[in-house]
Amino acid sequence: MSTPLFDDAATATDSLRLHAFASLNPGPRLLVIGGVHGDETCGTEGIARVLAEFDAGDLHLLRGELTLVPVANPLARRRLQREGQRNLNRLFRPSETPADYEARITNRLAPVIARHDVLLDLHSFQSEGEAFAMIGPRDNSGSLEPFARAQEEGRLALHIGTPIVVEGWLDIYAAGLAQRGAAVDEAAIDFGRGTNEYIRSCGGYGVTLECGQHQDPQAPEVAWAAIRRTLALLGMAALPPGLSAAPPQPPQLLRLASVTDRLHEDDSFVRDWATFDPVQRGEPVGMRHDGTLVSAPDDGFIVFPNAMALPGAEWFYFARPSERVLDPTV
Ligand SMILES: [Zn+2]
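Residues numbered from 1 in each chain as written. Predicted model: local features only at pLDDT ≥ 70, side-chain atom pairs only at ≥ 80, totals over all residues. Heavy atoms only, no water.

Looking at the sheet that holds strand β6 (residues 164-167)
With respect to topology, eleven strands assemble into an open sheet ordered β1-β3-β2-β4-β7-β5-β6-β8-β14-β13-β10, the strand pairing being mixed. Across the chains shown, the open sheet's two edge strands, defined by having one partner strand only, are β1 (19-22) and β10 (277-279). Direction aside, the axes of adjacent strands within the sheet are offset by 25 degrees on average. Here strand β5 (residues 132-135) pairs with strand β7 (residues 205-213) via three bridges, running antiparallel. Note that in β7 the partner of Ala 133 across the bridge is Leu 209. The strands touched by helix α4 (residues 150-160) within the sheet are β4 (118-125), β5, β6 and β7, with β7 carrying the most contacts at an inclination of about 25 degrees. (Pairing = 2+ DSSP bridges. Helix = DSSP H or I, 4+ residues; strand = E, 2+ residues; numbered from the N terminus. Axes fitted to C-alpha atoms, helices over the stretch in contact; angles between N-to-C directions. Contact = heavy atoms within 4.5 Å.)

Written as structure tokens, this is what we have:
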């Protein structure tokens, strides 16, 4: 579905569009964001459908507050590119002297995120593969990403209903920095922090939903269903007719375990990998420019393979089945 409201060419790049609904009954504050990356349109379309349902009287807010941001990065959307001047989903924290367009967006969006309890951030991806959700750390009081709402976050991911849920990001990002010989200081780690890390740092929780491939015609449907299931889970709205509350079977839970960088422009994969392709311990994944094989460290899965990664940047992630169990109970 596309409406003039979300005409890419008509997107103003010097303001953010927010839609807010506030029930007179107190309840959770949910924020749904689309278009953090400009070429990812499924979230915007899912949000447009929810707005149309409100306008048609088919959706009624029972309690709490709902804020919808259809296009978080208007400059990137205008260009239909991932980024305006840089990746909005990095270095996500307010700054007194915003250095670029995304820093200015962050200064507007961060306070909006901070006043919500729950964030659903809608994305899509380049390579082939199924929709999946990403959740943060387990409850911990460490310094990297202290957290106390892992149960609620996991429950939300479970109820969104993707076949796969991936846990762990910032710790593997930090491990990648160390591996690269980069300084693993506050500034370097901050670069790995995005919208979800930000809401967690404010006391809330958040799930990143990767709805499918950028052009997958099902991706807007995945985004819409996730919004409606989240509203139902939080007791904020009834489920629409025909949409099941819970997925038919629990998702497979994977834990990011390591990241391997591409080191040379002649480093190449041994085949075209898709995210979540299974690999066995020792199975060749790629070949370095000098002929050295890069093999899977264990039985597991290839995640976010990027054959075109710049030397020194992430080539692929490796994930293992997680022993964590997501608790469905409210
Ligand atoms: Zn994205």
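A short note on the coordination of the zinc ion
With distances of 2.0 to 2.4 Å, the protein atoms coordinating the zinc ion are His 37 (ND1), Glu 40 (OE), Glu 40 (OE) and His 123 (ND1). One can describe the donor arrangement at the zinc ion as irregular, given that its four donor atoms subtend angles of 58 to 148 degrees at the metal. A relative accessible area of 2% places His 123 in the buried class. (Donors = N, O, S within 2.8 Å, 3.2 Å for Na, K, Ca; no water. Tetrahedral: all angles 85-135°; square planar, octahedral: opposite > 155°, others 65-115°. Buried < 20%, exposed > 50% of the residue type's maximum accessible area, 1.4 Å probe, protein only.)

Comments concerning the pairing of β7
Extensive coverage of β7 is indicated by the burial of eight of its nine residues. Summarising the sheet, β4 and β7 pair through seven bridges and their orientation is parallel. Looking at β7, one finds that His 123 is bridged to Glu 210.

A word on the domain arrangement of the chain
Each assigned domain of the chain is listed with its residue range as follows: domain 1 (13-253) and domain 2 (257-321). The C-alpha centroid of domain 2 is placed 27 Å from the C-alpha centroid of domain 1. The interface is formed by 15 residues belonging to domain 1 together with 15 residues belonging to domain 2. Buried surface at the junction of domain 1 and domain 2, both sides included, amounts to about 1200 Å², of which 63% is carbon and sulfur. Run the count over domain 1 and domain 2 and you get one salt bridge. Between Asp 261 and Arg 180 there is a salt bridge, and its shortest N-O distance comes to 2.3 Å. Among the secondary structure elements, those contributing two or more residues to the side of domain 1 that touches domain 2 are β5, β6, α5 (170-179) and β8 (252-261). Broken down by element, the residue count for the side of domain 1 that touches domain 2 peaks at four residues, all from α5. Its residues placed into classes, the side of domain 1 that touches domain 2 shows eight nonpolar, four polar and three charged. (Domains from an automatic or database assignment. Buried area = accessible area lost by both parts, 1.4 Å probe. Salt bridge = Lys/Arg side-chain N within 4 Å of Asp/Glu carboxyl O. Nonpolar A, V, L, I, M, F, W, Y, C, P; charged D, E, K, R; others polar.)

A closer look at the pairing of β5
Because side chains alternate across β5, one face comprises the buried residues Phe 132 and Met 134, and the other comprises Ala 133 and Ile 135, equally buried. Two elements, β5 and β6, share four bridges in a ladder whose sense is parallel. Within the sheet, the bridge partner assigned to Phe 132 lies in β6 and is Ile 164. Traced from β5 through α4 to β6, the parallel crossover comes out right-handed. (Right-handed = clockwise from strand over helix to strand, strands pointing away.)

So, the packing of helix α1 (residues 42-56) against helix α8 (residues 219-233)
Direction vectors running N to C along α1 and α8 enclose 55 degrees, while the axes themselves pass 7 Å from each other. Put simply, α1 runs oblique to α8. The crossing of α1 and α8 is right-handed. Together, Cys 42, Gly 43, Glu 45, Gly 46, Ile 47, Arg 49, Val 50 and Glu 53 of α1 and Ala 219, Pro 220, Glu 221, Ala 223, Trp 224, Ile 227 and Arg 228 of α8 make up the contact between the two elements. Grouping the constituent residues of the contact of α1 with α8 by class yields eight nonpolar, two polar and five charged. (Parallel < 35°, antiparallel > 145°, perpendicular 65-115°, else oblique. Left-handed = near helix turned anticlockwise from the far one by under 90°.)

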